[in-house]
Amino acid sequence: MLKFYLIRHSKTFGNTMRRYIGTTDEPLCAEGIQLLKNRKYPDVEMVFSSPMRRCRETAALLYPGQKQTVIANLAECDFGEFENKNADELKENLKYQDWIDSGGMLPFPEGESREHFIKRSVDGFMEVVDICRKKGVECAALVVHGGTIMSVMSAFVPEDGDYYFWQCGNGEGFALNLCENTEVKYGYTCTGWKKVIECS
């Protein structure tokens, strides 16, 4: 069995403003660094990260001294025209209203569709699974984005909720247990999951 901790990066300035932060490569803000202090995260054998600065900085704070393996496909969604804007700034944008009315199913204008993003995220996750399997690693952390976590969890635990069910706060995440099963889509079956590192 393989155990993965999917942990969302800590806060950036854009997060505090409730902006859509995807391709914008922000660092953690002071509030984000403080959020992680005095909190215990599970010990792991390997640490994987999105290439974005906010994830790499979070991983360095959570697992100091451990090498990070960066996986390009674990990067956040490309929000296109909505990038680095929040709902208040987009409320007069007709494309944004169309996207809201679709329940988030329409592609982001000049950005990614949910379908493409989920596939990319799962591809990145399966790259992690393959590395762990080849190296004999049984427990690893992925320090990634909220959208990446929603994509992976909705793919492997679809019966427990839809895409948005898996939202989590900065510095929060899920533990996901997998075992090999060649008869299912991704070659692995979820044998259990739980919320970890919940903010008080």
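Everything numeric here is computed off the predicted structure, so don't read it as measured data.

Trainee: So what exactly am I meant to see when it comes to the overall build of the protein here?
Mentor: A tally of helices and strands in the protein yields seven helices and six strands. Secondary structure elements in the protein, listed N-terminal to C-terminal, are β-α-α-β-α-β-α-α-α-β-α-β-β. A compact globule built from 200 residues would reach a C-alpha radius of gyration of about 16 Å, and the protein, at 17 Å, matches this within 12%. Each of the three principal axes of the protein carries a C-alpha extent, and together these read 50 × 40 × 30 Å. For the protein, buried positions account for 50% of its 200 residues. Of the side chains in the protein, 24 bear a positive and 29 a negative charge, and the two mean positions are spaced by 6 Å.

Trainee: So what exactly am I meant to see when it comes to the state of the cysteines here?
Mentor: Among covalent bonds in proteins, the disulfide is the one between the sulfur atoms of two cysteines. Following the criterion strictly, the structure yields zero disulfides and no others. With no disulfide of its own, Cys55 lies closest to Cys168 among cysteine sulfurs, the gap being 11 Å.

Trainee: I keep staring at the packing of helix H6 (residues 114-135) against helix H7 (residues 146-156) and nothing clicks. Help me out?
Mentor: How two helices sit against one another is set out by the angle between their axes and by the gap between those axes. Here H6 crosses H7 at 80°, and the two axes come no closer than 9 Å. When the axes of H6 and H7 are compared, the pair comes out roughly perpendicular. Contacts between H6 and H7 pair Phe117, Ile118, Ser121, Val122, Phe125 and Met126 from the former with Gly147, Thr148, Ser151, Val152, Ala155 and Phe156 from the latter. Counted by class, the contact of H6 with H7 contains eight nonpolar, four polar and no charged residues.

Trainee: Is there a simple way to think about the pairing of strand E2 (residues 46-49) in this case?
Mentor: Look at any regular strand and the pattern is simple: side chains alternate between the two faces of the sheet. The two faces of E2 match: Met46 and Phe48 on one face and Val47 and Ser49 on the other face are all buried. Note: E2 against strand E4 (residues 139-144), four bridges, orientation parallel. When the bridges of E4 are listed, Met46 appears paired with Ala140. Bridge analysis of E2 against strand E3 (residues 68-70) gives three bridges, and the strand direction is parallel. Across the sheet, the residue bridging to Phe48 is Thr69, located in E3. Crossover E2 to E3 through helix H3 (residues 53-62) is right-handed.

Trainee: Where do I start with unusual backbone geometry in this structure?
Mentor: We note that Asn84 has phi near 65°; this positive angle belongs to a residue other than glycine. Position of Asn84 relative to the elements: it lies in the loop between E3 and helix H4 (87-90). Even without being a glycine, Glu110 presents a positive backbone phi close to 65°.

Trainee: I tried to follow the pairing of E4 on my own but got confused; where do I start?
Mentor: Most of E4 is tucked away: six of the six residues are buried. Along E4, one buried face is formed by Cys139, Ala141 and Val143 and the opposite face, lined by Ala140, Leu142 and Val144, is buried too. Bridge count for strand E1 (residues 2-8) against E4 is six bridges, and the pairing is parallel. Residue Ile7 lies in a different strand from E4, and its bridge partner there is Val143.

Trainee: Got a minute to help me understand the packing of aromatic side chains in this structure?
Mentor: Counting across every chain of the model gives 19 aromatic pairs. Each ring, one from Phe165 and one from Trp193, has its centre 6.4 Å from the other, and the planes form 90°; the classification is edge-to-face. Note that Phe165 is positioned in the loop between H7 and strand E5 (173-180) and Trp193 in strand E6 (residues 188-196), a separation of 28 residues in sequence. For Trp193, a relative accessible area of 29% gives the class partly exposed. On the basis of an interplanar angle of 80° and a centroid distance of 5.2 Å, the ring pair of Trp166 and Phe174 is categorised as edge-to-face.

Conventions used here
- Residues numbered from 1 in each chain as written.
- Predicted model: local features only at pLDDT ≥ 70, side-chain atom pairs only at ≥ 80, totals over all residues.
- Heavy atoms only, no water.
- Helix = DSSP H or I, 4+ residues; strand = E, 2+ residues; numbered from the N terminus.
- Rg over C-alpha atoms; globule rule 2.2 N^0.38 Å.
- Buried < 20%, exposed > 50% of the residue type's maximum accessible area, 1.4 Å probe, protein only.
- Lys, Arg positive; Asp, Glu negative; His and termini not counted.
- Charge placed at Lys NZ, Arg CZ, Asp CG, Glu CD.
- Disulfide = S-S within 2.5 Å.
- Axes fitted to C-alpha atoms, helices over the stretch in contact; angles between N-to-C directions.
- Parallel < 35°, antiparallel > 145°, perpendicular 65-115°, else oblique.
- Contact = heavy atoms within 4.5 Å.
- Nonpolar A, V, L, I, M, F, W, Y, C, P; charged D, E, K, R; others polar.
- Pairing = 2+ DSSP bridges.
- Right-handed = clockwise from strand over helix to strand, strands pointing away.
- Phe/Tyr/Trp six-rings, centres within 6.5 Å; stacked < 30°, edge-to-face > 60°.

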